[in-house]
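Tertiary structure, described
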Amino acid sequence: MKTTRIMIVAVGGQGNILAAKLLGEAALSCGIDVRMSEFHGMAQRGGVVESMVLLGDGAGYCIADGEADVLLGFEPVETLRAARKCSARTRVITNTAPILPFTVALGHAVYPDIPLALQSLASRVGGLTALDATTLARLVGSVQSLNVVMLGALASSGVLSAIGTGAFEKAIQGKMKAPLALQNLRAFQSGYAAYQNEVRGNSACAEQ
Amino acid sequence: MTHPLLTDTPDRKMLLLGNEAIARGALEAGVAFASAYPGTPSSEIALQFFSIAREQNDLYFEYSANEKVALEMAAGAAMCGLRAIVSMKHVGLNVASDALLTLAYTGVKGALVVAVADDPFMYSSQNEQDSRYYAKLSSLPMLEPSSVQEAKDMTRYAFNLSEGLGMPVILRTTTRINHASGVVSLGLLMLRSNSGVFHKDPFSYVCIPSVSRNLHPKLLKKSAKAANIANESRWNVIQGRGSFGIVCNGVSYGYVADAITESGYTDRFKVLRLGFSHPIPENLVVKFLKNCEKVLIVEEGEPYLEEAIRVVAHKNGFGAPVFGKDERLLSRLYEFDPAIVKNAISSVFDLPFTSSVPIATEDLPAAPPRPPNLCAGCPHRAAYLAVREVFGDSAIYPTDIGCYTLGLHAPLNMGDFLIAMGAGLGSAGGFARATGKKVVAFIGDSTFFHSGLSPLASSVYNRHDFLLVILDNGTTGMTGHQPHPGVDVSHLGLDKTQIDIESVVRGLGVKSVLTVNPLHFVKAAEAVKRISTEPGVSVLIMKAPCPLYDKTLPGHKPGRPYTIRRDRCKNHRTCVNKTGCPAFHIEGDRVEIDPHRCTGCALCAQICPEKAIMPMSGKGSEP
């Protein structure tokens, strides 16, 4: 399989590493080679967490600027921060619910206008889908499932056609105990459906 | 439940973290003794042994007080014929190096693998030193994996190599191997032998000058033998037959291989991948250099391979130009990535590459910085505020390594000097003598046992004058809550002796010692004031548990979150501006507390001038 590069960015505590692991396990179960690297220096302390997931051919564990096929952002400002990983053909999928850095809470920095910022980013990349994954996660039972909602959206995007939804669901069941797995299966489906709705909604707008 | 790394199904494919792969490799080699001091990016190696040793009692594992002790502990076991591994981060090897450099002289009877994890770009380290020079300095063999699969396979091999040569072997990785994950095909698990025999041989093992004079030539002989093995090693391979030569190691190999594939000029290149990179396999390098028109060395960090290759080329009369570290080509700084390596290859060999072009980002709205911050409820925040309350900016604050280093950031602004474990305390007397100013040094509990005892003894003996604040949160916080000698681990069923920090401090001759809970803010600030009037070295132990660790302990009761009473709050914002606690945020014009993040530490409630911050009454409702 030709290399597919997925950059996942989040704030410490959002479950970025687990999402990458689930994606990796799903790919492995489909016989696809997986190389990932994670950076979470001081993640539990509210910092930025990055995962790079490379599927298919190749030997490297790293995604250079402009190389990402998909940028999956669990927090909108983190999506913006990682924008340099995008090229004009990158698919961006981002959560819209902010987590304010304490630099903003202290008034030392400004949290940008997210709809405006995402609009600006969307015009430069191969497509941008924004969804309030935090609310979707809350609706299925817990904000903690935000990572799996985002994974559902990624699976829904069609970029990973070689990995069926069944493989993701199996990976979720393999990594979590029953009640938690159930909640996350719902989160996965919710993200999957939300992506479809967004895309349909956007194309409907475009047609008008 | 059996630990996943004990899966006894050869050829089974698993997705493993680099550090898990290293641990698996050691298990496949029959490791019986493991020791470590935690440090990013090496910590998960030790974590595997920590959990496996609780399931399988023929594997011994310990968190030692520091890397030097960990190495010496493993060396003792290896001297008796056991297979041992010690793991640490790169700067940990500085601490352990005193033992390592002479252990190279005595050698070992069993096997000893020294796993050292470098951190290019300093994701979570104080420097980005290149530990490969320790192999050169010690004359010990070194292995450097390029993939997660190799991390496992090389670790297993390292044990055999060590036992075969009778010398410790360095397994050197970088963050992008340790914290990378990949598909690993499992091998056979070997039975471990955990009972050793020590054969006395003082004139080979007791390194007095006359003995060492005999041992050094023996070490050089062993090293020559290692060079012969390296020349034939399957870890050192030449790929391709082109005249464009590239020499590389570690993760750089992946970037080089991918770049060559993408270039479409595969037949023009010849790659020498050095996985067994010390001693340098000279014969193999000579073979490689023949017919090379140009040579590019791709290695992160210092020009370790470049220097070696240049020497071999010079000795053997090769005139092909060698390219390597050069500001415009490949830097000595930070990490490489695929684009950096592609550009270097493109520039040296004059080949076009169609790299991915990043979108313009300069004119996108700026992302506000998100530096790591002390957690909500962290007692270090309270400790810093109490000291700041008394001394403000007038004192000098040498600090140390751990979560509490984050006190550096605004609004706490606590931390004036930081270089190494224990060095805050070690340097305090120097600052005090040189300036005559008040000096308050900080050290964490784990760091205190790691490197605080000697500088404290030295400071007492030399009658220095400063205040040492020991931030005792009952765990090694930053690296993931590993135990240390000051921690009670009876709830884990571990049989250890807990050492009381205050007794240690008194035992080292400190006369004025106080222990306070920093979350009792007024009392803590009073304690700072009171103890600071004492001459000489005084010690204030600020003791309160790490809230993240505390959550994992049996019998933990979550604290009741606090909330701001609108009728009392006058929006001074003392709470946010002084503490920088991440549970606060501004909504509209008002400060709010996120009840999901607030641990109920009550620090803000104690400093609010209007006493407007109160515990939430009942479940989730406003008072």
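Residues numbered from 1 in each chain as written. Chains lettered and ligands numbered in written order. Predicted model: local features only at pLDDT ≥ 70, side-chain atom pairs only at ≥ 80, totals over all residues. Heavy atoms only, no water.

A short note on the overall build of chain A
The number of helices and strands found in chain A is eight helices and six strands. Relative to its length of 208 residues, chain A is compact, with a C-alpha radius of gyration of 16 Å against a globular reference of 17 Å. Looking at the 208 residues of chain A, the share that counts as buried comes to 59%. Within chain A, counting contacts between residues at least 6 apart in sequence, those at least 24 apart form 65% of the total. For chain A, the exposed surface amounts to about 7,700 Å²; the carbon and sulfur share of it is 54%. (Helix = DSSP H or I, 4+ residues; strand = E, 2+ residues; numbered from the N terminus. Rg over C-alpha atoms; globule rule 2.2 N^0.38 Å. Buried < 20%, exposed > 50% of the residue type's maximum accessible area, 1.4 Å probe, protein only. Contact = heavy atoms within 4.5 Å. Areas by Shrake-Rupley, 256 points an atom, 1.4 Å probe, with all protein chains shown as cover.)

Concerning the domain arrangement of chain B
All names here are of chain B. Domain parsing of chain B yields domain 1 (4-231), domain 2 (235-349), domain 3 (379-550) and domain 4 (562-615). Computed over C-alpha atoms only, the centres of domain 1 and domain 3 are separated by 32 Å. Facing the 16 residues of domain 1 at the interface are 16 residues of domain 3. For domain 1, the biggest contributors to the area lost against domain 3 are Tyr-37, Arg-54 and Gln-126; these three give 37% of the whole. Remark: the boundary between domain 1 and domain 3 carries zero salt bridges. Where the side of domain 1 that touches domain 3 is concerned, the elements lending two or more residues are helix H2 (43-55) and strand S3 (60-63). Broken down by element, the residue count for the side of domain 1 that touches domain 3 peaks at four residues, all from S3. (Domains from an automatic or database assignment. Buried area = accessible area lost by both parts, 1.4 Å probe. Salt bridge = Lys/Arg side-chain N within 4 Å of Asp/Glu carboxyl O.)

Some remarks on the pairing of S3(B)
Residue and element names in this part refer to chain B. Inspection of the sheet shows strand S2 (residues 33-36) paired to S3 by four bridges, in the parallel sense. Across the sheet, the residue bridging to Phe-33 is Tyr-60, located in S3. Between the parallel elements S2 and S3, the chain passes through H2 in a crossover that is right-handed. (Pairing = 2+ DSSP bridges. Right-handed = clockwise from strand over helix to strand, strands pointing away.)

Thoughts on the pattern of salt bridges
Two side chains that carry opposite charge are able to pair once their charged atoms sit near each other. Counted according to the given criterion, the structure contains 41 salt bridges over all chains. Two residues, Arg84(A) and Asp65(A), come together in a salt bridge whose shortest N-O distance is 3.5 Å. Placement of the pair is Arg84(A) in the loop between helix H2 (76-81) and strand S5 (91-95) and Asp65(A) in the loop between strand S3 (48-55) and strand S4 (70-73), with a sequence separation of 19 residues. Judged by relative accessible area, Asp65(A) falls into the partly exposed class, the value being 31%. Where Glu28(B) meets Arg156(B), a salt bridge forms, and the shortest distance between an N and an O atom there is 2.8 Å. Within this pair, whereas Glu28(B) is found in helix H1 (residues 18-28), its partner Arg156(B) is found in helix H6 (residues 148-165), the two being separated by 128 residues in sequence. The exposure class of Arg156(B) is partly exposed, given its relative accessible area of 26%.

Quick look at the state of the cysteines
Residues and elements named next belong to chain B. Per the counting criterion, the structure on display carries zero disulfides over all chains. With no disulfide of its own, Cys-604 lies 6.2 Å from the sulfur of Cys-601, the closest cysteine sulfur. Sulfur of Cys-608: no disulfide; nearest cysteine sulfur belongs to Cys-575 and is 6.4 Å away. Judged by its relative accessible area of 12%, Cys-608 falls in the buried class. (Disulfide = S-S within 2.5 Å.)

A few points about the interface of chain B and chain A
By convention, interface size is frequently given as the accessible area that disappears when the constituent parts associate. Every contact between the two is made by 60 residues of chain B and, on the other side, 59 residues of chain A. When chain B packs against chain A, close to 4,800 Å² is buried across both sides, 64% of that on carbon and sulfur atoms. Residues Arg370(B) and Glu78(A) are paired through a salt bridge, measuring 2.5 Å at the closest nitrogen-oxygen approach. The interface formed by chain B and chain A holds 16 residue pairs in polar contact (both at pLDDT 80 or more) in total. Sorting the residues of the side of chain B that touches chain A by element identifies strand S1 (13-17), helix H7 (175-178), strand S8 (180-185), helix H10 (252-263), helix H13 (338-349), helix H20 (574-579) and strand S20 (584-587) of chain B as the ones contributing at least two each. With five residues, H10(B) is the single largest residue contributor to the side of chain B that touches chain A. Here the side of chain B that touches chain A is built from residues that sort into 33 nonpolar, 16 polar and eleven charged. Summarising the sheet, strand S2 (residues 34-39) of chain A and S8(B) pair through three bridges and their orientation is antiparallel. When the bridges of S8(B) are listed, Met36(A) appears paired with Ser181(B). (Polar contact = N/O pair within 3.5 Å; in protein donor to acceptor, adjacent residues only side chain to side chain. Nonpolar A, V, L, I, M, F, W, Y, C, P; charged D, E, K, R; others polar.)

Comments concerning the sheet that holds S5(A)
Taking strand neighbours across the sheet as the criterion, the eight strands line up as S6(A)-S5(A)-S4(A)-S1(A)-S3(A)-S2(A)-S8(B)-S1(B) in an open arrangement whose pairing is mixed. The two strands at the open ends of the sheet, each matched to only one other strand, are strand S6 (127-131) of chain A together with S1 of chain B. If you compare each strand with its neighbour and ignore which way they point, the axes differ by 15° on average. For S2(A) and S3(A), the ladder comprises six bridges, and the chain directions are antiparallel. (Axes fitted to C-alpha atoms, helices over the stretch in contact; angles between N-to-C directions.)

Some details on unusual backbone geometry
All names here are of chain B. A cis geometry characterises the amide bond from Thr-40 onward to Pro-41, with omega recorded as 5°. One can find Pro-41 in the loop between S2 and H2. Each neighbour pair has its own omega, and for Ala-410 with Pro-411 the value is 5°, a cis peptide bond. Tracing the backbone through its elements, the reader meets Pro-411 in the loop between helix H14 (379-391) and helix H15 (423-435). Residue Asn-413 is not a glycine yet carries a positive backbone phi of 50°. In this structure Asn-413 comes out as partly exposed when scored by relative accessible area, which is 37%.

A look at the pairing of S4(A)
Consecutive side chains along a regular strand alternate between the two faces of the sheet. All names here are of chain A. On S4, burial covers both faces: Val-70 and Leu-72 on one face and Leu-71 and Gly-73 on the other are all buried. In this sheet, S4 lies alongside strand S1 (residues 4-11) in parallel orientation, the contact comprising four bridges. By the bridge assignment, Val-9 is partnered in S4 with Gly-73. Alignment of S4 against S5, held across four bridges, turns out to be parallel. Residue pairing in the sheet places Gly-73 in a bridge with Thr-94 of S5. Regarding the hand of the β-α-β motif, the stretch spanning S4, H2 and S5 is right-handed.

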